[in-house]
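# Descriptive structure summary
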Amino acid sequence: SYTSSVTQTETEIDENLIVVGVSQVGAESDWRIAQTNSIKEELTTENGFYMIFDNAQQKQENQIKAVRNFILQEVDYIVLDPIVVSGWDNVLQNAKDAGIPVIVIDRNVELEDDSLYVTSILTDSEAEGRNAGYWLADYLEEQGRDEEDINIVMLLGTEGASAQIGRTKGFAEVAADHENWKILERLGGDFTQAKGRESMETLLEKYDDIDVVISENDNMTFGAVDAIQAAGRSCGPDGDMIMISFDAVRAALEAMMAGEINADFECNPLQGPLLAETIRRLENGEEVEKIQYVDETYFDTTMDLETLMKDRAY
Ligand code: AHR
């Protein structure tokens, strides 16, 4: 059960340190662990910060409790990685009333009043979804399949999360330009391996003519690959289904090298350095842009993955 890690307050905190409360979604994926590590590596006492970290275990109510506790503790900054886009107006108004600047990170929020946060450090999930669509169109053309009917299934991330909404929307935009692409079904997988596997099993039982699987994160992809192989089917460049994934964590690039994934659209988890720099700029009274996007790329099997992986931190 969830116990907020921010209820203990009596620790003496060096007054020269910048106190930052971080409300994290959970630990649902390899990507999430990499992003948490990146934040923890930067918000250290050596770097002038005192971080209070809360893992909300994929529940918005836990995140709201954590933010309320940060307000009670009078932290200097609140960093919120919002599990879903909506439902933040009240608690962020409380933070604003208490004079605590809020930085939104990774996933986006939808608010009545955007002044409730000072800046956001985001991944561009709509662009990720669009790029996946463009990649698929090019790939099908190369394979001489651009005139064929193409049956697609999608494994969606946590419903209402900006990463889910953006990837779904971006891909749908490109799919709408291809009359021969048919999205058979979109099924939720909550960004976890177990649910990815479960949903893929359901889809395989229902459809025997799937050409493409679009899986909105790598952990769901790992589960989906397990389900496909357990059903005696295959995916990847030599398989009977094209597998497109998002995140591009190390284990997924290894799966790509093993021939199980065709392409992977990066969601960059290395957000700690930009977060620390942003807080420093705010401390100096500088104006910070309302939206700051982290850089993102993609990988496919035409690339020298072995070399690319050498310099990769996650
Ligand atoms: O918000 C980023 C998404 O959340 C990543 O794609 C996923 O792995 C994580 O759980």
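Residues numbered from 1 in each chain as written. Predicted model: local features only at pLDDT ≥ 70, side-chain atom pairs only at ≥ 80, totals over all residues.

Note the following rule: UniProt positions are given in the numbering used here, feature names are shortened, and annotations may be inferred rather than shown by experiment.
For the protein, an unreviewed UniProt entry supplies the name ABC transporter substrate-binding protein and the organism Jingyaoa shaoxingensis. Its UniProt record, at the heading Sequence similarities (unreviewed entry), says of the protein: "Belongs to the bacterial solute-binding protein 2 family." Listed under Subcellular location (unreviewed entry) in UniProt, the entry text for the protein is "Cell envelope".

### Regarding the confidence of the model for the protein
Heads up, the condition is: As a per-residue measure, pLDDT tells how confident the predictor is, with possible values from 0 to 100. Only DSSP runs of H or I with at least four residues qualify as helices, and only runs of E with at least two residues qualify as strands; both kinds are numbered from the N terminus onward.
For the protein, the average pLDDT comes to 96, and 96% of its residues sit at 70 or higher. Ranking the helices and strands of the protein by mean pLDDT puts strand S8 (residues 212–215) first, with 99, and helix H10 (residues 305–310) last, with 94.

### Quick look at the pairing of strand S6 (residues 150–156)
Rule in force here: To sort residues by burial, count the other C-beta atoms lying within 10 Å of each one's C-beta; a count of 20 or more means buried, 12 or fewer means exposed, and anything in between means partly exposed. C-beta atoms are built from the backbone. We call two strands paired when DSSP finds no fewer than two bridges between them. Orienting the strands away from the viewer, one traces the path from the first strand over the helix to the second; a clockwise path indicates a right-handed crossover.
The buried fraction of S6 is high, at six of seven residues. Where S6 lies against strand S7 (residues 181–188), seven bridges are found, and the strand directions are parallel. Of the residues in S7, the one forming a bridge with valine 153 is glutamate 185. Of the crossover connections in this fold, the one passing from S6 over helix H5 (residues 162–175) to the parallel S7 is right-handed. As paired strands, S6 and S8 are joined by four bridges and run parallel to one another.

### Focus on the sheet that holds strand S3 (residues 77–80)
Using the following cut-off: Between the N-to-C directions of two axes lies an angle of 0 to 180 degrees, each axis being a line fitted to C-alpha atoms and, for a helix, fitted only over the stretch in contact. By the convention adopted here, residues are in contact when the distance between their C-beta atoms, placed from the backbone, does not exceed 7 Å.
Strands sit in the order S2-S1-S3-S4-S5-S11 across an open sheet of six strands; the sheet is parallel. What marks the edges here is a single partner per strand, and that holds for strand S2 (49–55) and strand S11 (291–293). Strand-to-strand, the axes of this sheet are offset by a mean angle of 20°, without reference to chain direction. Here strand S1 (residues 18–24) pairs with S3 via four bridges, running parallel. Bridged to glycine 21 within S3 is isoleucine 78. Its contacts with the sheet put helix H9 (residues 272–283) on S1, S3, strand S4 (102–106), strand S5 (119–122) and S11, and the angle it makes with S5 is roughly 165°.

### Let's talk about the site of the ligand
Selection rule: A residue counts as near a molecule or strand when its C-beta atom, positioned from the backbone, falls within 6 Å of it. Put simply, Ala, Val, Leu, Ile, Met, Phe, Trp, Tyr, Cys and Pro go in the nonpolar bin, Asp, Glu, Lys and Arg in the charged bin, and everything else, Gly too, in the polar bin.
Neighbouring the ligand are Glu28, Ser29, Trp31, Arg32, Asp106, Arg107, Ala163, Phe191, Asn217, Phe246, Asp247 and Cys267. Grouping the amino acids of the shell around the ligand by side-chain chemistry returns five nonpolar, two polar and five charged.

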